[in-house]
Amino acid sequence: MAGTAGFALLAVSHGSSAAVIGSGLLVGTAIAFGFATLPAVLLAAVPPEHTGVANGVNSVARSVGSAMAGALVATLVAAGDPGRPPAESRFTLCFALAGGALALIAVLARFGMTPHRGDAGRCRVRDTASRHEADPARTA
């Protein structure tokens, strides 16, 4: 929720350096913790044999989301009268949308994923050498 608070602060008060720096600290902290903890959340939410796929999907979704967000911000800021600076309300709208997106992500992360209840603690590596030793017909 720190990121949502940071973007809300930025949407409401972006006229001073202190407000921009404070909101940047809040948003940066939220994003840093989010990127650091997401792999652990994914590992807890999927069976061990699907962790590679889950991390791959996460990476692709993060890249696509970043590209789409960048395109949306560029479109919202650039739309308007050619040759004139963008209206301040366009920036405020971008800040509000980003805060709403972070709030939605927080809700989905909290309630949308459940831990995998299985044998996540057990190692699933096959010990083929000991099996071959136990079965003399396979060692020939």
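Use the structure listed above.
### So, the environment of alanine 30
- Looking at where alanine 30 falls in the secondary structure, it is placed in helix H2 (residues 17–45).
- Sequence-distant contacts of alanine 30, that is, excluding residues within four places in its chain, are made with Ala2 and Gly3.

### Brief notes about the packing of aromatic side chains
- Counted under the stated rule, the structure contains 0 aromatic pairs.
- Sitting over the ring of phenylalanine 35, arginine 62 keeps its end group 5.0 Å from the ring centre.

### Observations regarding the pattern of salt bridges
- Tallied over the entire structure, the rule returns 1 salt bridge.
- A salt bridge links aspartate 81 to arginine 84, with the shortest nitrogen-to-oxygen separation between them at 3.9 Å.
- Owing to a relative accessible area of 53%, aspartate 81 belongs among the exposed residues under this scheme.

### What about the packing of H2 against helix H3 (residues 51–78)?
- Two elements in contact, H2 and H3, have axes separated by 9 Å at closest approach and are oriented at 145°. Regarding H2 and H3, the two cross each other, and that crossing is right-handed. For the pair H2 and H3, contact is made by Phe35, Leu38, Pro39, Leu42 and Leu43 and by Thr51, Ala54, Asn55, Asn58 and Arg62, respectively.
- Residues of the contact of H2 with H3, tallied by class, amount to 6 nonpolar, 3 polar and 1 charged.

### What to know about the nonpolar core
- Formed by Phe7, Leu10, Ala11, Val27 and Phe95, the largest nonpolar core amounts to 5 residues.
- Top element by residues in this core is helix H1 (residues 2–12). It accounts for 3 residues.

Conventions used here
- Residues numbered from 1 in each chain as written.
- Predicted model: local features only at pLDDT ≥ 70, side-chain atom pairs only at ≥ 80, totals over all residues.
- Heavy atoms only, no water.
- Helix = DSSP H or I, 4+ residues; strand = E, 2+ residues; numbered from the N terminus.
- Contact = heavy atoms within 4.5 Å.
- Phe/Tyr/Trp six-rings, centres within 6.5 Å; stacked < 30°, edge-to-face > 60°.
- Lys NZ or Arg CZ within 6 Å of the ring centre and 35° of its normal.
- Salt bridge = Lys/Arg side-chain N within 4 Å of Asp/Glu carboxyl O.
- Buried < 20%, exposed > 50% of the residue type's maximum accessible area, 1.4 Å probe, protein only.
- Axes fitted to C-alpha atoms, helices over the stretch in contact; angles between N-to-C directions.
- Left-handed = near helix turned anticlockwise from the far one by under 90°.
- Nonpolar A, V, L, I, M, F, W, Y, C, P; charged D, E, K, R; others polar.
- Core = buried A, V, L, I, M, F, W, Y, C linked by side-chain atoms within 4.5 Å.

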